[in-house]
Structures are given as structure tokens and as C-alpha cells.
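Single-letter residue listing:
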Amino acid sequence: MKMKKLLLFSLMTILPIALLFAQGRQVKGKITSSEDGLPIPGVNVLVKGTQTGSITDAEGKFAISVPSDNAVLVVSYVGFISQEIPVGNQSEINVTLQADTKTLQDIIVVGYGTQSKSQLTGAISSVSSKEIAEIPVRSVQQALQGRAAGVDIVNTNNRPGSEPSVRIRGRRSFSAGNDPLYVVDGIPIEGGIGDINPQDIASLEILKDASATAIYGSRGANGVIIITTQRGKAGKSNITYDGYIGVSQALGKVDVMNGAQFAEYKRESRRATGAYPAGVSAEADKRLFEAVELESIALGRSTDYQSYLMRDGVQQSHQLSVTGGAEKTQFAITANYFDEKGIVYNQDFKRYTFRVNIDHQLTKNIKIGTSTLFSYNIRNGENFNPISGALAENPLGVPFDQNGNLIFLPTTDGLRTNPLAEIVPGAIIDENIRTRIFNSIYGEVKIANGLTYRMNFGPDLQFRRYGQFTGSQTNARRGGFPTGRTQQFSNFNYTLENILTYQKTFKEIHNLNVTALHSVQKNRSEYYDTRVQGIPAETQEFYNTGAASIIEGVGSNLTEWALQSYMGRVNYSYNDKYLLTFTARVDGSSRLAEGKKYSLFPSVAVGWNLSNEAFLKGSSTISNLKLRASYGRTGNQAINPYQTQGGLARTVYAFGNAGAFGYRPNAIPNSDLRWETSATLNIGLDFGLFNDRISGSLEYYITNTTDLLLARQLPITSGFSSVTQNIGATRNKGVELTLSTVNIDTDGGFQWTTDFNIFANREAIIDLYGDKKSDVGNLWFIGQPVTVFFDYEKIGIWQLNEVDEAKKYSQVPGQIKVKDQNNDGRINSDDRIILGSDVPKWSGGMTNRFEYKGFDLSIFAFARVGGMIRSRFHDSNNTLFGRYNNLNVDYWTPENPTNANPRPNQNQEFPIYGSTLSYFDGSFLKIRNIAIGYNFKSSVLSKLKIEGLRIYASAQQPFIFAPYRQKYKGIDPEAAGIRSNNRENAAELAGDTPSSRLIIFGVNVRF
């Protein structure tokens, strides 16, 4: 009995000791990031060869038991390079993980999910948050300009708050629009993306071919831009301030005549008609010029009205961000204030944005989250342009009296009021206020292993109020009654999506990903408009339209439309070598005719990872090589609703002896209106050389668009101007090259990298009305781009030795000489030709980045070459009429037989064939941005008790190289055609706010 008790006691004593030795000893430590020194929560720490493991907490700390000193810890985390660390006799192990930039770059956001770059079969370009942050700009489009091959982004004007034009792989449609689809945090949005703060963006993906865009069906025909915003991460909360302020100055002024030049030009306009003698005559001057002009001539006085209207602009942005979270909940909260004071008075833009992104793991299998954006914008001067009036104003006039008071009529010319009256406070108000609340709400459920259900709901509420007031003392009213106008817009759009995703790997070589979707999108827009005249007190502006004496018009409108979609996609890869993607989407649109509302948009793509084949594995030269091919169809239905139903408009008629109102048809219904369809073939090659020191992609594509939604012109005798039909076809084809290189990367910390892209697109009209004939009236020509410049060809100015030849064409020396294209001895409409197009021969961008011991320098260049532009102030401000001021041009006189510009003539308000003076080569190379920055060292940061500090300076658009600027005295040839009246227009420049140069200083602080 005593032996049993002794044995039991021994077991109770020895067993815990044995277990203690079996458990080994404990090792503690902390895991941090090499990029910012911050702790990383959620890192896996595993004893190699065992199931023993631990996960770091919110402070990056871990504790783990190791069996012996021979144990090895395996430390791994997504986006970082895994490390194996021998324990030895250490009791505390601190690890710094290096970011796995290659892996991070290899994860690409695609429609309804993500994919590794190695498994992509479509043509997708990606722009990182680092690239976006290199240029402090107001809009997403500005950040994207020149960054992605095949994406052509051009400014429409230079007024604060304006949105650039974006075209992906050319223009396909005449009337159904060519703007890409924007998807923000998984939700397709309507109404533009000017409310989105670029600093909130984590990545941009541009989907270009049918394989990538077919998943969005009807809305993907013009390409898709996917915007993913910043989200929180588990770990320590971080507070970040990012702010900058800068000064902008005009790149130049339009070169118009000064006082002395204007006086001589006015004399010459009279010499041409025999109303002024040769030379300069004081007596003739007294008859020609009024008193103020004579005084200015005598004093050598000249007024530069442009200078009075312009100022130094100011641009500033201030952003405060709070990010962080715990294991189950992560958050990102940002608030931003952006303010741009334009270089022209009364033009400015302010934007306030507040964003909250939250992700929460509700249970083991359920996750919910939201991305909420609130935006409030105020834009002044959207439709305000005093520059055009200043260009025409007589420089011999005087804008102010001796007491400094504004002179409303500087000369006796009743059509020309003082341009400075337009910028008197309260004289003209042009204010646009926009409020937007956009949400992307999701819920995600893991149903089974590999099977996930996700619901996306995206309500988008927008309100816009446009107020306009024009006072009595303005050029538009010239002492008449003040006018006012208010427009109210409201728009509610929502998207509801149900998504099933199944992902499974079989036998480690078969990878399958299946996605199924049902989606509904609805939109409701309301519009109200009131226009009045005779506002009793100008201080009321447009806020009390009911007090006006005259109601000029009242209008309202309601527009509704809806889309319903079903989609399926299968991604399959075999051993990461052979890739297959098949997508099919069915879209139904309320805008189209009964029986034509639904259409199927399929696509198929294949890929071959040659670098994973045995014959290339281990190659020291080729580190990546993949061949891709895809073919698919997408649709377009972006026309105004109700085109299938026709419409009525109010009309006036005689009812007996009295006038009465009635209604008449104003739109012809089309019961056969169906989808516009684009079919795209894309062949791509992805490559990496020398361990990806050189990497990039090469693309070739061809897109055929048929059943164009076109507003077909009708004879006026029909009682209608046009009808929307499915007619015609276009084609776009092109090549794209993207290249990234690591030029220098030394152990001493110096690195030089380059990103380069270049692309060329050729767009052409293939058919219009089924007869392969051009439509000259609409300027649509078979085999030519959607927009062209069609006019007479200027070949010089008729000279004195060509009197007889000029007479054959009813012209005289000093007039514009155009080419008789068919040599029939007369100039008529048959002599017009296609002079060119605003489509460039090629476009591209290049960024060079240099880094050394905390310093960084980036230089970004952007080019468009081979396109033509029309400079409208070269004709509208180059009339040579002798009444209004004129461009300072080299004009013809008997003593100056130039071939540049015709002779001034008081008897012709516009020169014959004057439009031929306005066409120029639109090629340019811009140094878009030069930025230099410095990241302070950790030793300095610890003293300041902050996590990170960077200061930087940026020069935006410091240099422009262009024939239009250097040779023809223009300012900036960058111009995009503005879409109007449901059609594309060619690129034109006008007397408007000039381009500017911006110098910025900024700071980024992380606490």
C-alpha cells in the first residue's frame, strides 16, 4: 500500500516537470514593417515542421513556445517576404519584414474580384496610389493622364472644376457616348467622378478589351475604370495629415495688338477701300479716330485688358486621415478640403469631402462593410468667360476715369462695353453647388469551403443647384434689366447586386474560379428651371425670382431608366500555364424597344504562361513571358430615354382670331431601337527580362462597332430634324506598349526607374446608311475618324503679280488664296477637303524616378503627336475688320506681301475663307510634373515623436514644347472636343481661360 502511494506521488511530481520540458521554452518578439517601422498585426509565426504557431496582436507582438534551441521560426504575412529565423538561445526575437512589392503588384482588381497578374487573360492597365500621389491634382482623370497606354485624357478647358475628356481606345459611337464606365468600390456610378478625392484612392485599374469589360456588359463598351479607395488595416491607429499649397500663373496671354498696332491696322482697313491715304495723315486720323483714341495715340497709351482680368491663382488641399482597426474591425476615415482660386477673376472651385470605409468580421463566416462618401462642391465661373471680350476690346480706349471709376463704354462703339465691368463684384454670378452622398455597402457570407455569397448595394444621391445672375452694367445687358436663372437637379441612382463565387484548386494544378451575378440598376432624375428678367434690386441676385417683372420661362422634367443584368464567368488555369476565361452577360435596358431590350454579350480569352514551361524555367534572361488572346462583344445603350416612344412639344397656332397653345409631335418613335454592339479582338504579350529589371506588355486590338445608335438627319420638310436609329459601323484598331525598367539599383541606396507607355489608335467610319457613302452635311466620311476638319485648303495670299489669276476666282490681291482642288476654274463647296483630324498619330507618357537616402525626384512627360486642332480665336479674333481689336498677326499690305494673313478691310466683317486661318498642328510634348521630396530619417522622427514626415515641392506643367506655342504664338494646344447635341465634336480652342503653371509645396505627417 505504501509502495502504491509512493509511486502515485512520484508520478504526480515528475509528470508536470516532464510536461514542462516537453513544452520547451517561450520566445517573445515584435514584427514591424521595413517601409515605415510600424508594427504588423496578424502575422503568422510558426515553428517549422510543427503545428505550433502564433499570430501577432495589434501591437505586432507575439509569444510562442519552442521545443529546443534548434527550432526555426517561419514568419509570414501577405504582401511581405517570408523569413526563416533560427531560435538558438534567444528569448526575444524582433523581426523586420520586407515588403514583397512583386506580389503586391501582381494582385489586380478585376470586375467583381481580384486576380494575380500571372492569371490575367484580359488587357488591363493598373495605376498605383504612389503614381497618383506623385502629382497633387484635383481630379482622378488628371491623375491618370499619360499613365496608361490606350487611355487618352485631354483637358476640355482650364476653368477651375472642369472635367477632362477620357477616351479608352478611341471613339466608337456617334450619339450613344464614348465615356468609360467608372466603378467605385464595386459600384458602377452615374454623374461623373469629380466628387472623388484622388488622395482617397488605393489603386486604379483600366479594363480595355472585351474579355475584361464584358463582365460589365452594356456599360463596358467604352472601357471600364475601376477605382478602389483606401481601407483600414488591423493594428495601431494612425493619424495622417497631408497638405499642400501652391501658386499658379498663366502660361501666357493671347497676343493681340497694342494701341499703336491697332491704330495702324485700323488705318490699313480703310486704305484697302480708298478711305484713307497712303502713309499716316493727321487730318485723316481726325476723321477716323474718336477723341479718346487720338489722345491715346498722342500719349502712346495702350490698355491691356487681359492683364486686368487675370491674377495669380492659388491651389490648396488639406487632408486628415485616421486609419486602423482590430482583428475583427478595420476603418479608414478621411476628411479633405480642396480650394482652387483660378487665374481669372470670379472663377474658383471648392470641394469638401468626408469618407468613411469600415470592414467588420461579424462572425467567422459573415463579413459586412461600407464605403461612404459625402461631397459638397461650390464652383464659380463654369460658364463665365470675360477673356473673349477682352481680346476684342479697343486698346486705345481707357478703362478708368481720373478718379479710378470704371468707364462702362471706353469708346463710343456701342457693342463693346468695358470687359472689366464683368468682374465687378455682383455684376455676374455663375454659381454651381453640388451635394453628393455615395455609398457602397456589402455583406459577405462564406457558405461552404470555397463558396461565397456577396451582396453589394450602392445608393447614390445627388443634388445640384445652378444659379446665374447678370446685372445691368454688363456686356450682355448693356444697361437693360438684370436677369436671373435658377436650375435645380436631383438624381437618385442605386445598384443592387447578388454575387456567388466559387473557388477551388484540384490536385494542386487545376484552379477554378466561377462567378455568377444578378444586378439591377435604377435611376431617377428631376429637373426644374426658372428664368426671369427685371429683378428690382441687383442685390437679390437669383434668390428672389418671384419679384422679377418678367418671367421668361419655367420648365421641369422627369427622367427614369433601369438596367437588369445576369452574368456568369469561369476562370480556369492548369498548372499556372494554360489559362481560360469565359464570360457571358445578359443585359436588359428600359431605353430600348420592346423585344429588343435584352441582349447577350459573351467573351472568351486564353493565355499561355510560357515562362512556366520547362524550356524557359530557370532562364536567366526571361523571367516572365505570357501570350494572351481574347474576343468578345459588349454593348452600348447610352442614349436619352424614351427614344422608342416619340414625344410632343407645345406649339402656338391661331384659334379663330385668337392665339392658342396646342401640341405637336417633336420626336419620331422607333419601335426597332436595339443595342449598339462592339466586338473586340485583342492579342497581348506580357514579358519580364533579367529578373524583371525590364518588364511590360504589348497589345494589338481591333474593335468593330455595329448598329450604331445614331441621330439620323431628316429633311426639314418632314417636320422633324432627326430620328434615332441603329445604322452605321465604326472600327478602331491600334497597338499599345507599356514598359517599366529598373535602370540603376545600387547597394548604396541609389535607384533610378522608368515607366513608359506609348500607343496609337486608328478610328474610322466603315458605313453610315448601308450604301458606303459619306454624309458631308454631318461631316462624317467613310474611312475617316468620327471627327475631322473639312474645309478649304489655304495655299497663301493673292499677290500683286497675280491680279489676273485672282480675278478668275472673283478675288483681288490681299485676299486668302485657297486651292482649286478639281481645277475647274472656280471655288465652291466641291473644293473642300479633309484637312486632318484631332485624333493623334500616337500618344504616350514617361516617368523617371530617382531615389537616394530619403530623397526622391520624379519627372513626368506627356505627349500627343500628329493631331490637328482648330484655334477659333485665329478666326473669330482675326477678322481684320478694322473695328475690333485683332490678333497681332502678319497681315498683307502692298508693302508687306506676306502669305500669312489677308489685308484688313473695313467692308468685310470676316475675310473670305477666313476659317482656313484657324487650323494648326496640335502636337505637343509637356513636362507634366517635376516633383522632389525628402523623407526624414527615423532618428529625427523619434525626436519629433512622430511616425513619418515627408516634405515635397512640385512644378506642374513647367514646360510645353509645341509648334502651336513656339511658332504660332499660341498658349497651349491641348484641347478636346466637347460633346454637345448628342454628337462628338472636333477639338477647338477659343479665347478663354489660358493654361497655367503651378508651383506647389507640401508636407505629409504621420502620427
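Residues numbered from 1 in each chain as written. Predicted model: local features only at pLDDT ≥ 70, side-chain atom pairs only at ≥ 80, totals over all residues. Heavy atoms only, no water.

The name that an unreviewed UniProt entry assigns to the protein chain is TonB-linked outer membrane protein, SusC/RagA family, with the source organism given as Thermoflexibacter ruber. Its UniProt record gives the protein chain a comment under Subcellular location (unreviewed entry), which states: "Cell outer membrane". Looking at the Sequence similarities (unreviewed entry) heading of the UniProt record, one finds this comment for the protein chain: "Belongs to the TonB-dependent receptor family." (UniProt positions renumbered as here; feature names shortened; annotations may be inferred.)

(A) Highlighting the overall build of the protein chain. Within the protein chain, the secondary structure is distributed over 13 helices and 49 strands. For 1007 residues, the compact-globule estimate of 2.2 N^0.38 gives 30 Å, and the protein chain sits close to it at 34 Å. Oriented by its inertia axes, the alpha-carbon framework of the protein chain measures out at about 145 × 70 × 65 Å. Taken over 1007 residues, the protein chain has a buried fraction of 50%. Carbon and sulfur atoms provide 56% of the accessible area of the protein chain, an area that totals close to 45800 Å². Taken as two groups, the 103 positive and 94 negative side-chain charges of the protein chain have centres that lie 6 Å from each other. (Helix = DSSP H or I, 4+ residues; strand = E, 2+ residues; numbered from the N terminus. Rg over C-alpha atoms; globule rule 2.2 N^0.38 Å. Buried < 20%, exposed > 50% of the residue type's maximum accessible area, 1.4 Å probe, protein only. Areas by Shrake-Rupley, 256 points an atom, 1.4 Å probe, with all protein chains shown as cover. Lys, Arg positive; Asp, Glu negative; His and termini not counted. Charge placed at Lys NZ, Arg CZ, Asp CG, Glu CD.)

(B) Main features of helix α6 (residues 259–271). End to end, α6 covers 19 Å across 13 residues, agreeing with the expected 18 Å (1.5 Å per residue, within 8%). Burial analysis of α6 places 10 of its 13 residues in the buried class, the great majority of the element. Residues of α6 that are buried: Gly 259, Phe 262, Ala 263, Tyr 265, Lys 266, Arg 267, Glu 268, Ser 269, Arg 270 and Arg 271. Looking at the packing, one finds that the buried side of α6 touches α7 (282–288) and α8 (291–299). For α6, the capping residue at the N-terminal end is Asn 258, with a side-chain oxygen 3.2 Å from the backbone nitrogen of Ala 260. (Expected span 1.5 Å × (residues − 1). Contact = heavy atoms within 4.5 Å. Polar contact = N/O pair within 3.5 Å; in protein donor to acceptor, adjacent residues only side chain to side chain.)

(C) Region of interest: the confidence of the model for the protein chain. Scored by pLDDT, the protein chain has a mean of 89; 96% of the residues are at 70 or more. The model gives residues 1–23 a pLDDT under 50, and that stretch makes 3 contacts with residues more than four places away or in other chains. (pLDDT = per-residue confidence, 0-100.)

(D) Molecular detail of empty space enclosed by the protein. A full pass over the atoms with the stated rule returns 6 cavities of 30 Å³ or more. Quantified by volume, the largest cavity comes out at close to 490 Å³. What lines the largest cavity is a set of 30 residues, and nearest its centre among them are Gln 142, Asn 158, Gln 315, Glu 340 and Ser 996. For the lining of the largest cavity, the residue count by class is 8 nonpolar, 16 polar and 6 charged. Computed from the structure, the second largest cavity encloses a volume of approximately 340 Å³. Around the second largest cavity, the lining is made up of 25 residues, and of these Asp 152, Arg 167, Arg 171, Pro 840 and Arg 864 lie nearest the centre. For the lining of the second largest cavity, the secondary structure elements donating two or more residues are β11 (151–154), β12 (165–168), β37 (751–767) and β42 (842–852). Here the lining of the second largest cavity takes 4 residues from β37, the largest share from any one element. (1 Å grid on protein atoms, 1.4 Å probe; cavity = no way out; pocket = protein on both sides within 12 Å on 5 of 7 lines; lining within 4 Å. Points joined across faces, edges and corners; volume = space filled by probe spheres on them. Nonpolar A, V, L, I, M, F, W, Y, C, P; charged D, E, K, R; others polar.)

(E) Just the pairing of β37, in detail. Two strands pair when backbone bridges link them, and strand β36 (residues 729–745) and β37 are joined in this way by 16 bridges, in the antiparallel orientation. When the sheet's bridge partners are listed, Asp 745 is paired in β37 with Gln 751. Between β36 and β37, which pair antiparallel one after the other, the connecting turn spans 5 residues, and Gly 749 there sits at a positive phi close to 100°. Strand direction decides the pairing type here: β37 and β42, joined by 9 bridges, are antiparallel. Across the sheet, Asn 757 pairs through a bridge with Gly 845, a residue of β42. (Pairing = 2+ DSSP bridges.)

(F) Molecular detail of the packing of aromatic side chains. For the structure on display, the rule yields 26 aromatic pairs. Between the aromatic rings of Phe 542 and Tyr 543, the centroid separation amounts to 4.4 Å while the plane-to-plane angle is 35°, which identifies the pairing as tilted. Through a chain of ring-to-ring contacts, three or more aromatic side chains come together here, namely Phe 262, Tyr 265 and Tyr 891. Between Arg 138 and the ring centre of Phe 349, over which it is positioned, the NZ or CZ distance is 5.5 Å. Between the NZ or CZ atom of Lys 817 and the centre of the ring of Trp 798, over which it lies, the distance is 4.8 Å. (Phe/Tyr/Trp six-rings, centres within 6.5 Å; stacked < 30°, edge-to-face > 60°. Lys NZ or Arg CZ within 6 Å of the ring centre and 35° of its normal.)

(G) Structural view of the UniProt feature "domain: TonB-dependent receptor plug" (unreviewed entry) in the protein chain. The UniProt entry lists residues 117–224 under the feature "domain: TonB-dependent receptor plug" (unreviewed entry), expressed in the numbering used here. As annotated, residues 117–224 comprises 13% helix and 26% strand, and the C-alpha atoms at either end are separated by 18 Å.

(H) Quick peek at the sheet that holds strand β10 (residues 124–128). Strand order across the open sheet formed by 5 strands is β10-β15-β16-β13-β14, with mixed pairing between neighbours. Because the sheet does not close on itself, it has two edges, and the strands there are β10 and β14 (187–189). Taken over all neighbouring pairs, the strand axes of this sheet differ in orientation by 25° on average, direction set aside. Across 3 bridges, the pairing between strand β13 (residues 181–184) and β14 is antiparallel. Its bridge partner lying in β14, Tyr 182 is registered against Ile 189. (Axes fitted to C-alpha atoms, helices over the stretch in contact; angles between N-to-C directions.)

(I) Representation of the pairing of β36 within the structure. Sheet topology places strand β33 (residues 694–706) next to β36; 13 bridges connect them, and they run antiparallel. What sits directly across from Thr 706, in β36, is Ala 729.

(J) Representation of the environment of Gln 462. When you line up the elements, Gln 462 lands in strand β23 (residues 451–470). Given a relative accessible area of 7%, Gln 462 falls into the buried group. With 27 residues separating them in the primary sequence, Gln 462 and Phe 489 have C-alpha atoms 8.0 Å apart. Residues within four places of Gln 462 in sequence aside, it is in contact with Glu 190, Gly 191, Arg 434, Thr 435, Arg 436, Phe 489, Ser 490 and Asn 491. Here Glu 190 takes part through its backbone oxygen, which lies 3.1 Å from a polar atom of the side chain of Gln 462. Of note is the side chain of Gln 462, whose polar atom sits 2.8 Å from the side chain of Arg 434.

(K) Spatial organisation of the side chain of Asn 778. With respect to the helices and strands, the residue Asn 778 is situated in the loop between β37 and β38 (789–791). Residues in contact with Asn 778, not counting those within four places in the same chain, are Gln 713, Tyr 769 and Arg 983.

(L) Focus on the environment of Ser 876. Residue placement: Ser 876 occurs in the loop between β44 (868–871) and β45 (919–921). Since its relative accessible area comes to 42%, Ser 876 is described here as partly exposed. Along the backbone, Ser 876 and Ser 918 are 42 residues apart, and their C-alpha atoms lie at a distance of 9.1 Å. Reaching out from Ser 876, the side chain makes a polar contact with the backbone oxygen of Arg 872 at a distance of 2.7 Å.

(M) Seen up close, the side chain of Asp 195. Tracing the sequence through the fold places Asp 195 in the loop between β14 and β15 (201–207). For Asp 195, the side chain forms a polar contact with the side chain of Arg 434, separated by 2.9 Å. There is a polar contact of 2.9 Å between the side chain of Asp 195 and the side chain of Arg 436. Non-local contacts of Asp 195, meaning those with residues more than four positions away in its chain, are made with Arg 351, Thr 353, Leu 373, Ser 375, Asn 377, Arg 434 and Arg 436.

(N) Structural detail: unusual backbone geometry. Although it is not a glycine, Glu 541 sits at a positive phi angle of roughly 50°. Here Glu 541 lies in the loop between β25 (510–533) and β26 (550–574).

(O) Seen up close, the nonpolar core. Counting residues in hydrophobic clusters, the biggest one holds 66 residues, and the most contacted among them are Leu 144, Val 151, Ile 196, Leu 204, Ile 206, Ile 225 and Ile 227. Apart from the residues within four sequence positions on either side, Leu 204 is in contact with Ser 125, Ser 126, Val 127, Ile 132, Val 140, Leu 144, Ile 225, Ile 226 and Ile 227. By size, the runner-up hydrophobic cluster in this structure holds 19 residues, among which are Ile 40, Phe 62, Ala 71 and Phe 80. (Core = buried A, V, L, I, M, F, W, Y, C linked by side-chain atoms within 4.5 Å.)

(P) Inspection of the sheet that holds strand β48 (residues 988–989) at higher detail. Strand order in this open sheet of 3 strands is β45-β44-β48, and the pairing throughout is mixed. Each edge of the sheet is formed by a strand with only one pairing partner; in this case those strands are β45 and β48. Here 3 bridges tie β44 to β45, and the two strands are oriented antiparallel to one another. Considered in β45, the bridge of Arg 870 is made with Tyr 919.

(Q) Layout of the pattern of salt bridges. Tallying each qualifying case throughout the model produces 58 salt bridges. Taking the shortest distance from any N to any O, the salt bridge between Arg 849 and Glu 134 comes out at 2.4 Å. Linking Arg 849 in strand β42 with Glu 134 in the loop between α3 (129–133) and α4 (140–144), this pair joins segments that are 715 residues apart in sequence. Classification of Arg 849 by relative accessible area gives buried; the value is 9%. Here the residues in one salt-bridge network are Glu 264, Arg 267, Glu 268, Arg 271, Asp 285 and Arg 903, joined through shared partners. (Salt bridge = Lys/Arg side-chain N within 4 Å of Asp/Glu carboxyl O.)

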